[in-house]
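# Structural description and commentary
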Amino acid sequence: MELKFPKRFLWGAATSSHQVEGGNINDWSEWEKKNAERLARNASQKAWPDFILKSYPNPLQEENYISGGACDHYNRFNEDFDIAKSLGHNAHRFSIEWSRIEPEEGKFDEKEIEHYREVIKSLREKGMEPFVTLWHWTLPLWIRDIGGWKNKKTIGYFARYADKMAETLGGEVKFWITLNETNVYAGHSYFKGIWPPGKKSLIKYLCANHHLSRAHIAVYGSMKKMHPAAQIGVAQNMMHFTGFGAGIKNYVYNFFFLNSIRQHQDFIGINYYKSDGEAKEYSDMGWPIDAKGFSEVLKDAGRYEKPLYVLENGIADAKDDRRGNFIKEYIKAMKKAMDGGADVRGYFYWSLLDNFEWDKGFWPRFGLVEIDYKNLERKVRPSALEYAKICKENKLII
Ligand code: IFM
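Conventions and cut-offs
- Residues numbered from 1 in each chain as written.
- Predicted model: local features only at pLDDT ≥ 70, side-chain atom pairs only at ≥ 80, totals over all residues.
- Heavy atoms only, no water.
- Phe/Tyr/Trp six-rings, centres within 6.5 Å; stacked < 30°, edge-to-face > 60°.
- Helix = DSSP H or I, 4+ residues; strand = E, 2+ residues; numbered from the N terminus.
- Buried < 20%, exposed > 50% of the residue type's maximum accessible area, 1.4 Å probe, protein only.
- Lys NZ or Arg CZ within 6 Å of the ring centre and 35° of its normal.
- Axes fitted to C-alpha atoms, helices over the stretch in contact; angles between N-to-C directions.
- Parallel < 35°, antiparallel > 145°, perpendicular 65-115°, else oblique.
- Left-handed = near helix turned anticlockwise from the far one by under 90°.
- Contact = heavy atoms within 4.5 Å.
- Polar contact = N/O pair within 3.5 Å; in protein donor to acceptor, adjacent residues only side chain to side chain.
- Near = heavy atom within 4 Å.
- Areas by Shrake-Rupley, 256 points an atom, 1.4 Å probe, with all protein chains shown as cover.
- Nonpolar A, V, L, I, M, F, W, Y, C, P; charged D, E, K, R; others polar.
- Core = buried A, V, L, I, M, F, W, Y, C linked by side-chain atoms within 4.5 Å.
- Pairing = 2+ DSSP bridges.
- Salt bridge = Lys/Arg side-chain N within 4 Å of Asp/Glu carboxyl O.

## Description of the packing of aromatic side chains
- Summed over all chains, the structure comprises 43 aromatic pairs.
- Look at Phe255 and Tyr304: their rings are 6.0 Å apart centre to centre, the planes differ by 45°, and that puts the pair in the tilted class. Of this pair, Phe255 sits in helix α11 (residues 246-260) while Tyr304 sits in the loop between α12 (292-301) and β10 (308-312); the two residues are 49 residues apart in sequence, bridging distant segments of the chain.
- Here Tyr304 falls in the buried class, since its relative accessible area comes to 8%.
- Through a chain of ring-to-ring contacts, the aromatic side chains of Trp98, Trp135, Trp142, Trp149, Tyr157, Phe158, Tyr161, Tyr185 and Tyr190 assemble into a single cluster.
- The aromatic ring of Phe255 is capped on one face by Arg303, whose charged end is 3.6 Å from the ring centroid.

What follows is the structure, given as structure tokens:
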């Protein structure tokens, strides 16, 4: 059977600056230096499969937890986009690193702006529509020093940085994602207190959420004035909840933030990985592989009556023995939602490259393209070719 997608459907992959670029100096890079030894020690208390311990770097090594040079995508973006193009992608999502653009308060680095102009140009030349994220979790050190998102002033500083990006790059970008997964960020950073700044506090958690929502609204208004045709949204991490309390969890986790910015978004960006239920198979990170909930979540997001973009969906699978099927099953579920009325217009696999998975470090392998961290060699995984067939033919054969 053939599942055909609409003309002009966007197919691609996503990355974020801190996870792939290398050489970033921000709140995360500082936190990594302080926490690598502890994270490696904690990891030694767990049982790990052999194939993960044999990989480099592995969870027991301190260097696993230091983003350092990452994939050197900052210097190799052209080569990486050539690979994406060869895989049939017609769109690509990446993020701008605020700490590069504004390393000191109010001092914008024109060279770095030029760098991202080149990134956008390279994508356009290769026929890929850029989806640009303005904030994917990392903060310049001077923002960290004033308390990050728990400080109200960060709203104004973020809006000024976003204005600068709209002024300088706005002519070349149609799709903007202001904020990535505010629910995951605030949850880890303030509710659980396990990510920078590592401050567990309900008050700070609520403040951060509130400031993030106000920041989005401010940026939306000012960008729209500058570029009325721009399409602006956020990337919301969504899960499918089952069992006791599913309704309330669905509301709090999936829709609370989106409702708070309801009138200020042109599309709904969805990052979907998992449901909270059991499954027959799991990813290397222990996340259940079960596409059923994906259709439900997409249909549910239809409540906003806006176009939907799947801005992330992927699996950590170092052996690449589940990724091909994962992609097909999730795309099949997406198509089911579309047939049921969900207006999905694009799908971005997470991620184009293996990358730095935050406090887990480098060992989880999400990439369509494998990175050998000893020499930074790129190798296209077999599953990437399975996905490429779907992208090139704009259909899934099952
Ligand atoms: O790597 C992350 C990404 O930064 C945000 N969404 C989830 C991915 C996998 O955990």
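## Concerning the packing of helix α6 (residues 110-125) against helix α8 (residues 153-169)
- It is at 11 Å that the axes of α6 and α8 come closest, and there the two elements cross at 55°. What the angle tells us is that α6 and α8 run oblique. For the crossing formed where α6 meets α8, the hand is right-handed. In this structure, α6 contributes Glu110, Ile113, Tyr116, Arg117 and Ile120 to the contact, and α8 contributes Lys164, Met165, Thr168 and Leu169.

## Notes on unusual backbone geometry
- Each neighbour pair has its own omega, and for Tyr56 with Pro57 the value is -10°, a cis peptide bond.
- In this model, Pro196 is joined to Pro197 through a cis peptide bond whose omega is 10°.
- Tracing the chain through its elements places Pro197 in the loop between α9 (182-191) and α10 (202-226).
- Residues other than glycine seldom take positive phi values, yet Glu181 does so here, at roughly 40°.

## Some thoughts on the side chain of Asp359
- Its place among the elements puts Asp359 in the loop between β11 (344-350) and β12 (369-372).
- Taking the relative accessible area as the measure of exposure, Asp359 reaches 12% and is therefore buried.
- Of note is the side chain of Asp359, whose polar atom sits 3.1 Å from the side chain of Trp195.
- Reaching out from Asp359, the side chain makes a polar contact with the side chain of Lys360 at a distance of 3.5 Å.

## Examining the site of the ligand
- The full set of residues close to the ligand is Gln19, His136, Trp137, Asn180, Glu181, Tyr273, Trp287, Glu312, Trp350, Glu357, Trp358 and Phe366.
- A distance of 2.9 Å separates an oxygen atom of the ligand from a polar atom in the side chain of Trp358.
- Protein chains shield 96% of the accessible area of the ligand, which is 280 Å² for the free molecule.
- Among the residues making up the shell around the ligand, the classes are represented as six nonpolar, three polar and three charged.

## Considering the nonpolar core
- Counting residues in each nonpolar core, the largest one holds 129 residues, and the members touching the most others are Trp11, Trp135, Trp149, Phe158, Trp176, Ile331 and Met334.
- Those residues in contact with Trp135 that sit more than four places away from it in its chain are Trp98, Trp149, Phe158, Thr178, Leu179, Asn180, Tyr185 and Leu212.

## A few points about the pairing of strand β6 (residues 231-240)
- Extensive coverage of β6 is indicated by the burial of eight of its 10 residues.
- Here four bridges tie strand β5 (residues 175-180) to β6, and the two strands are oriented parallel to one another. Residue pairing in the sheet places Ile177 in a bridge with Gly233 of β6.
- Relative to strand β7 (residues 268-275), β6 runs parallel, the two being bridged by five bridges. Along β7, the bridge assignment pairs His240 with Ser275.

## Regarding the pattern of salt bridges
- For the structure shown, the criterion picks out 36 salt bridges.
- Put simply, Arg76 and Asp72 hold a salt bridge, and the shortest N to O gap is 3.0 Å.
- For Arg76, a relative accessible area of 25% corresponds to the partly exposed category.
- The exposure class of Asp72 is buried, given its relative accessible area of 17%.
- In this structure, Glu129 engages Arg124 in a salt bridge whose closest nitrogen and oxygen atoms are separated by 3.3 Å.
- Classification of Glu129 as buried rests on a relative accessible area of 18%.
- Each of the salt bridges in this network shares a partner with another, and the network as a whole consists of Asp284, Asp317, Asp321 and Arg322.

## Details of the sheet that holds strand β3 (residues 91-95)
- Taken in spatial order, the eight strands close into a barrel running β2-β3-β4-β5-β6-β7-β10-β11, and their pairing is parallel. Going from strand to strand, the sheet's axes swing by 30° on average, the running direction of each strand aside.
- One ladder, built from five bridges, connects β3 with strand β4 (residues 129-135); its direction is parallel. Each bridged residue has a counterpart across the sheet, and for His92 the counterpart in β4 is Pro130.
- In the packing of helix α13 (residues 323-339) onto the sheet, the strands contacted are β2 (10-14), β7, β10 and β11, and the crossing angle to β11 comes to about 165°.

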